[in-house]
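# Observations on chain architecture
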Amino acid sequence: MSRRSLLRGAALGAGAVALPSLLTACDSGPSGVTIGSNASDAVPKKAFAAAFKAYEKKSKKTVRVNTVHHESFQENINRYLQGSPDDVFMWFAGNRMQYFAQKGLLSDISDLWRNFHGFSDALKKQSTGRDGKQYLVPYYYYPWAVFHRKSVFRAKGYEVPRTFDEYRALAKQMQKDGLVPFAFGDKDGWPAMGTFDYLNMRANGYDFHIALMSGQKAWNSPQVKQVFDLWRGLLPYHQQGANGRTWQEAAQALAQKKAGMTVLGLPHPGQQFSVADRADLDFFPFPEIDPAHGQDAVEAPIDGFLMSKKAKDKEGAQDLLKFLATPHAEDIYLASDPNNIAVNSGADTAAYTPLQKKAVQLVAGAKQISQFMDRDTRPDFASTVMIQAIQQFLNKPDDIDGLVNDIERQKKQIFAAE
């Protein structure tokens, strides 16, 4: 999944060509409801195709899937929605959804939500715009954590760290043992955001983090400086040259036992492991920094489906969304993609892998759940400020004062225009 272009596209205006389309999967001709899909990777693409085919069989209706490379989809999303969008498209919960709802580019599906079952109040909240109306059908979520290989920990006698001091000590030992402690790639601009979020929530708490994301706290405050200082202390244990490395390449270093750990979301490392090795993948919660906050907060982004305001087949789109909101639709998807977690409480979890079951427990035990930096803040701020700021920090980590002062200056300009 790439968010760098997602963010860039969310901040751009109209005027360019619409999103290119590649008819795939269930393409059966010119009629039928259309879906804009960013699921270009092999595993999710196959899983979604199975779900859409199940809907075709049940409804006797045609689904046409326009699959576009994930990064291209994100890069053009704003122009796409203002041009000639598909009836339904894949997107994200939280601010990612609210941004386009506020711009009038999404269809209100509150009437459908009145008949949905199996979605918690928290899921409904994440699917609701600032106007109190629902726009998203949530489909799955995936927690972020610190991933590792069980066989490496077992062979080296490593113990799972609970505190930040233990975390650094483990990284130091891995380095002595000839491993890169943290596989790390930020070429796409978003992966490093997960590390910042966890450092901030562990050091300053969830409430401070969300207030910071919403522009209510200062980026040049002592609390934020502490976050970057903690991160600076970890950088010697990270793969060098992160800004030139993709998350896929970083995850491959973990799969190849060249690196000991990596901070990513549940789907990311699993896609780089062979089927034979997948059972060796494990994770632990990001360690505690301040006991007052412990490990209470978990980053668990939610993905789903939205109906574009310009949908041509509104009735067909609504019917498809009703199907996608059912436990059956999620069961079909997850049968082919074991790297995500169903959001509907009626979904069948019997076939979950041990890693999926552990992910469910991690989220269920969380006192607070965040969506991810680029989903919890304004897209223009994340795009034009934070991607560049974090990458600048990774290149030059010693000028923290200059960095946070620059972020705060730009934040004031952007949020003042709200």
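One structure accompanies this document, and this report is about it. Owing to the predicted nature of the structure, the values given are computational and were not obtained by experimental measurement.

A few words on the sheet that holds strand E9 (residues 281–284). Read across the sheet, four strands follow the order E7-E8-E6-E9 without closing on themselves; strand pairing throughout is mixed. Strand pairing shows two members of the sheet lacking a second neighbour, strand E7 (180–182) and E9, which therefore form its edges. Between one strand axis and the next, the sheet turns by 30 degrees as a mean value, whatever way the strands run. Two elements, strand E6 (residues 144–149) and E9, share four bridges in a ladder whose sense is antiparallel. Considered in E9, the bridge of arginine 149 is made with leucine 281. The strands touched by helix H13 (residues 247–255) within the sheet are E6, strand E8 (259–265) and E9, with E8 carrying the most contacts at an inclination of about 140 degrees.

With that settled, the discussion passes to the pairing of strand E3 (residues 63–67). With respect to burial, E3 is a largely interior element, five of its five residues being buried. The alternating pattern of E3 places Val63, Val65 and Thr67 and Arg64 and Asn66 on opposite faces, both of which are buried. In this fold, the crossover linking strand E2 (residues 33–37) to E3 by way of helix H2 (residues 42–59) has right-handed handedness.

Bringing the packing of aromatic side chains into the picture now. The tally for this structure, following the rule as stated, stands at 38 aromatic pairs. Ring plane angle 50 degrees and centroid distance 5.5 Å describe the contact between tyrosine 55 and phenylalanine 323, whose orientation is recorded as tilted. With tyrosine 55 in helix H2 and phenylalanine 323 in helix H15 (residues 314–324), the pair connects residues that are 268 residues apart, well separated along the chain. When sorted by exposure, tyrosine 55 lands in the same class as phenylalanine 323, which is buried. Pairing phenylalanine 381 with phenylalanine 415 gives two aromatic rings, centres 5.6 Å apart and planes at 70 degrees, and the pair type is edge-to-face. A residue pair is termed long-range when its members are at least 10 positions apart, and phenylalanine 381 in helix H19 (residues 379–395) and phenylalanine 415 in helix H20 (residues 400–416) qualify at 34 residues. For the pair formed by phenylalanine 381 and phenylalanine 415, the shared burial category is buried. Positioned above the aromatic ring of phenylalanine 283 is the side chain of lysine 358, whose terminal nitrogen or guanidinium carbon lies 5.0 Å from the ring centre. Above the face of the phenylalanine 415 ring, arginine 378 is positioned so that its terminal group lies 5.5 Å from the ring centre.

What counts, and where the lines are drawn
Residues numbered from 1 in each chain as written. Predicted model: local features only at pLDDT ≥ 70, side-chain atom pairs only at ≥ 80, totals over all residues. Heavy atoms only, no water. Pairing = 2+ DSSP bridges. Helix = DSSP H or I, 4+ residues; strand = E, 2+ residues; numbered from the N terminus. Axes fitted to C-alpha atoms, helices over the stretch in contact; angles between N-to-C directions. Contact = heavy atoms within 4.5 Å. Buried < 20%, exposed > 50% of the residue type's maximum accessible area, 1.4 Å probe, protein only. Right-handed = clockwise from strand over helix to strand, strands pointing away. Phe/Tyr/Trp six-rings, centres within 6.5 Å; stacked < 30°, edge-to-face > 60°. Lys NZ or Arg CZ within 6 Å of the ring centre and 35° of its normal.

Everything listed is a geometric property; what it means functionally is a separate question.
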